[in-house]
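This is what each chain is made of:
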Amino acid sequence: MNNLQVKHFSAYTRLEDKDIRTVVVLEDESIWWHAPGYPWQPSSNDGLPKDYKIAHFVAYSRSPRDGSRYVAVLEDQSIWWFVPGHPWQPSSHKGLPDNYQIADFQAFMQDSQTVYMLRLTDQTIWIFTPESSWQPLPLNGLPLKVEPKNLQQ
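All of the points below concern the structure found in this document.

1. Describing unusual backbone geometry
Its identity as a non-glycine residue notwithstanding, Glu 29 has a phi of 75°, on the positive side. Since its relative accessible area comes to 4%, Glu 29 is described here as buried. Phi at Asn 99 takes a positive value of approximately 55°, unusual for a residue other than glycine. What makes Asn 99 exposed here is its relative accessible area of 75%.

Here you go:
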């Protein structure tokens, strides 16, 4: 048996049944999920690029009807999303500055809309919905140590 470490961890309440789901990415890049009362199960990596490495990982419940979603930022800075039972799909990076480097990443639901938010290494914060491209959040008034270089405010 392998003695792997957990590389990433995410948990959420699944809206279909109100149970907690826990999802981990192990250091071998395998993805596993857990539901109360059941053993850990492997999840699919079908559709992800060969030799992928996950830099950030988030799991959330989209809606009682639409089920769970996983979102991964790979080390190459590409963003991918997953619906159980379907292959992983690339997400848009349209609107992000050239040569962006993601420091933090979040994904969640607002009403019936998926929202991604991220912080780049230059301290800028960006928001995305499937209906729009990536947009910067205004940072006016926020006392940052580093002046964001990618934005005109």
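2. Points about the pattern of salt bridges
In total, this model carries two salt bridges according to the counting rule given. Here Lys 7 and Glu 29 are joined by a salt bridge, their closest N and O atoms 2.4 Å apart. Within this pair, whereas Lys 7 is found in strand β1 (residues 6-13), its partner Glu 29 is found in the loop between β2 (20-26) and β3 (31-34), the two being separated by 22 residues in sequence. The partner of Arg 119 in a salt bridge is Asp 104, and the shortest N-O contact between them spans 2.5 Å. Linking Arg 119 in strand β10 (residues 113-120) with Asp 104 in strand β9 (residues 102-110), this pair joins segments that are 15 residues apart in sequence.

3. A look at the nonpolar core
Ile 79, Ile 102, Phe 105, Tyr 116, Leu 118 and Trp 134 are the most contacted members of the largest nonpolar core, which has 16 residues in total. Going through the elements one at a time, β5 (54-63), β6 (67-74), β9, β10 and β11 (125-128) are the ones with two or more residues in this core. Among residues more than four places away in sequence, those in contact with Ile 102 are His 56, Val 73, Gln 77, Ile 79, Leu 118, Arg 119 and Leu 120. Counting residues in hydrophobic clusters, the runner-up holds 15 residues, among them Val 25, Ile 31, Phe 57 and Leu 74.

4. Concerning the sheet that holds β11
Taking strand neighbours across the sheet as the criterion, the four strands line up as β9-β10-β11-β12 in an open arrangement whose pairing is antiparallel. Unpaired on one side and paired on the other, β9 and β12 (135-136) mark the two borders of the sheet. With four bridges connecting them, β10 and β11 associate as antiparallel partners. Within the sheet, the bridge partner assigned to Met 117 lies in β11 and is Ile 127.

5. Looking at the sheet that holds β2
Here we have four strands laid out as an open sheet, ordered β1-β2-β3-β4, and antiparallel in their pairing. The two strands at the open ends of the sheet, each matched to only one other strand, are β1 and β4 (41-42). Across two bridges, the pairing between β3 and β4 is antiparallel. Residue Trp 33 lies in a different strand from β4, and its bridge partner there is Gln 41.

6. Considerations on the side chain of Ser 43
Along the polypeptide, Ser 43 turns up in the loop between β4 and β5. Its relative accessible area of 18% is what places Ser 43 among the buried residues. Not counting the four nearest positions on each side in its chain, Ser 43 is found in contact with Ile 31, Trp 32, Trp 33, Tyr 70 and Phe 82.

7. Describing the pairing of strand β7 (residues 79-82)
Strand residues, when the strand is regular, have side chains that alternate between the two faces of the sheet. Note: β6 against β7, four bridges, orientation antiparallel. For Tyr 70, the partnering residue across the bridge sits in β7 and is Phe 82. Where β6 folds back on β7, the antiparallel hairpin that results is connected by four residues, among which Gln 77 adopts a positive phi of roughly 75°. As paired elements, β7 and strand β8 (residues 89-90) share two bridges and run antiparallel to each other. Residue pairing for β8: Trp 81 is matched across the bridge by Gln 89. The antiparallel pairing of β7 with β8 creates a hairpin that spans six residues between the two strands, and Gly 85 there sits at a positive phi of about 90°.

Calculation notes
- Residues numbered from 1 in each chain as written.
- Predicted model: local features only at pLDDT ≥ 70, side-chain atom pairs only at ≥ 80, totals over all residues.
- Heavy atoms only, no water.
- Buried < 20%, exposed > 50% of the residue type's maximum accessible area, 1.4 Å probe, protein only.
- Salt bridge = Lys/Arg side-chain N within 4 Å of Asp/Glu carboxyl O.
- Helix = DSSP H or I, 4+ residues; strand = E, 2+ residues; numbered from the N terminus.
- Core = buried A, V, L, I, M, F, W, Y, C linked by side-chain atoms within 4.5 Å.
- Contact = heavy atoms within 4.5 Å.
- Pairing = 2+ DSSP bridges.

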